[in-house]
Amino acid sequence: VSQMRSWLPREVGGCFWFGNDDPNMVAYTPIYCSMTRQPECYNTPGADEVTFSMKNAYWVENWVANMVYPRYSMLFPSLKQVRDSLQQAYFDQQPAIEAKAKAMEPKEMQQFLNDYSVNQAQQMLARWQQLAFYLVVKYNDMAVKPEENGQFKRSKYGLGATVTRPGFPTPFARELIRQSGDRYASPE
């Protein structure tokens, strides 16, 4: 998404809000048009369409999205919370960042906006990696691990607490039963 504001200095006026994957499954990061270098997460050496890298935003965002797709209603709220908190932080910071930049000389402004944009992109990647690890642990093996105060609960023996197994959504389960009849029924 391009935010073009001709009334501002060139270095500040153009801000490209960049995301690598499905529009609803990424946090768009601010990339100022005056930048002279790319964040590593958007230009990762060795990463391409057939080479996964944990340092590459495209791959990490796709990994998260692919975990969410099959259990969208269950996992998407976690993704949405991270996405929205990141984007809101970017929006909240933008006026102060731009005011600070406008008070600088053009070269200094360009360096400042370079550093800011690179840092935001790299921080987004780090947060998306945390989200991926969280989703793997929280929803492993079609179970849901309980949490309390942002931590996974443990049993009195230090192991993970008893999980819940929500199963398939009711409409899907009914359709599965309709199509398969009693083929998968449990013996009495």
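Every value quoted in this text rests on a predicted model; they were computed, and no experiment measured them.

1. Section: the pairing of strand β3 (residues 29-32)
For step 1, the next point in the chain: Taking every second residue as pointing to the same face, both faces of β3 are buried, with T29 and I31 on one and P30 and Y32 on the other.
For step 2, the next point in the chain: Note: strand β2 (residues 14-18) against β3, four bridges, orientation antiparallel. Opposite F18, over in β3, you have T29 as the bridge partner.

2. Points about the state of the cysteines
Simply put, the disulfide is a covalent bond whose two ends are the sulfur atoms of two cysteines.
For step 1, the next point in the chain: Applying the stated criterion across every chain, the model contains zero disulfides.
For step 2, the next point in the chain: C33 supplies the cysteine sulfur nearest to C15, a cysteine that is in no disulfide, at a spacing of 7.0 Å.
For step 3, the next point in the chain: Judged by its relative accessible area of 1%, C15 is buried.
For step 4, the next point in the chain: No disulfide involves C41; its sulfur sits 14 Å from that of C15, the nearest cysteine.
For step 5, the next point in the chain: A residue is classified by how much of its surface remains accessible, and C41, at 0% relative accessible area, is buried.

3. Side note on the packing of aromatic side chains
For step 1, the next point in the chain: Taken as a whole, this structure holds 10 aromatic pairs when the rule is applied.
For step 2, the next point in the chain: The interplanar angle of 20° and the centroid separation of 5.8 Å between the aromatic rings of Y134 and F152 together place this pair among those described as stacked. With Y134 in helix α4 (residues 106-138) and F152 in strand β5 (residues 151-152), this pair connects stretches of sequence that are 18 residues apart.
For step 3, the next point in the chain: Given the relative accessible area of 24%, Y134 is considered partly exposed.
For step 4, the next point in the chain: An aromatic cluster is present here, built from F52, Y58, W59, W63 and F133 joined pairwise through their rings.

4. Topic: the pattern of salt bridges
For step 1, the next point in the chain: Per the counting criterion, the structure on display carries six salt bridges.
For step 2, the next point in the chain: A salt bridge links E98 to R5; the nearest nitrogen and oxygen atoms lie 2.8 Å apart. A residue pair is termed long-range when its members are at least 10 positions apart, and E98 in helix α3 (residues 72-102) and R5 in the loop between β1 (2-4) and α1 (10-13) qualify at 93 residues. Take E98 and R5: they sit in the same class, and that class is buried.
For step 3, the next point in the chain: Residue D84 pairs with K80 through a salt bridge whose shortest N-O separation is 2.7 Å. Residue D84 and its partner K80 are located together in helix α3, separated by four residues, close to a single helical turn.
For step 4, the next point in the chain: Three or more residues joined by partner-sharing salt bridges are found here, namely K80, R83 and D84.

5. Regarding unusual backbone geometry
Glycine aside, residues mostly have negative phi angles, and peptide bonds mostly take the trans form.
For step 1, the next point in the chain: For D141, which is not glycine, the phi torsion reads 55° and is therefore positive.
For step 2, the next point in the chain: Examined against the element boundaries, D141 turns out to sit in the loop between α4 and β4 (147-148).
For step 3, the next point in the chain: Positive phi values are uncommon outside glycine, yet M142 reaches one of about 60°.
For step 4, the next point in the chain: Along the chain, the position of M142 falls in the loop between α4 and β4.
For step 5, the next point in the chain: Residue classification places M142 among the partly exposed positions, given a relative accessible area of 42%.

6. A closer look at the layout of surface pockets
For step 1, the next point in the chain: Put simply, the largest pocket is a space of about 230 Å³.
For step 2, the next point in the chain: For the lining of the largest pocket, the class distribution of residues is seven nonpolar, two polar and one charged.

The rules behind each value
- Residues numbered from 1 in each chain as written.
- Predicted model: local features only at pLDDT ≥ 70, side-chain atom pairs only at ≥ 80, totals over all residues.
- Heavy atoms only, no water.
- Buried < 20%, exposed > 50% of the residue type's maximum accessible area, 1.4 Å probe, protein only.
- Helix = DSSP H or I, 4+ residues; strand = E, 2+ residues; numbered from the N terminus.
- Pairing = 2+ DSSP bridges.
- Disulfide = S-S within 2.5 Å.
- Phe/Tyr/Trp six-rings, centres within 6.5 Å; stacked < 30°, edge-to-face > 60°.
- Salt bridge = Lys/Arg side-chain N within 4 Å of Asp/Glu carboxyl O.
- 1 Å grid on protein atoms, 1.4 Å probe; cavity = no way out; pocket = protein on both sides within 12 Å on 5 of 7 lines; lining within 4 Å.
- Points joined across faces, edges and corners; volume = space filled by probe spheres on them.
- Nonpolar A, V, L, I, M, F, W, Y, C, P; charged D, E, K, R; others polar.

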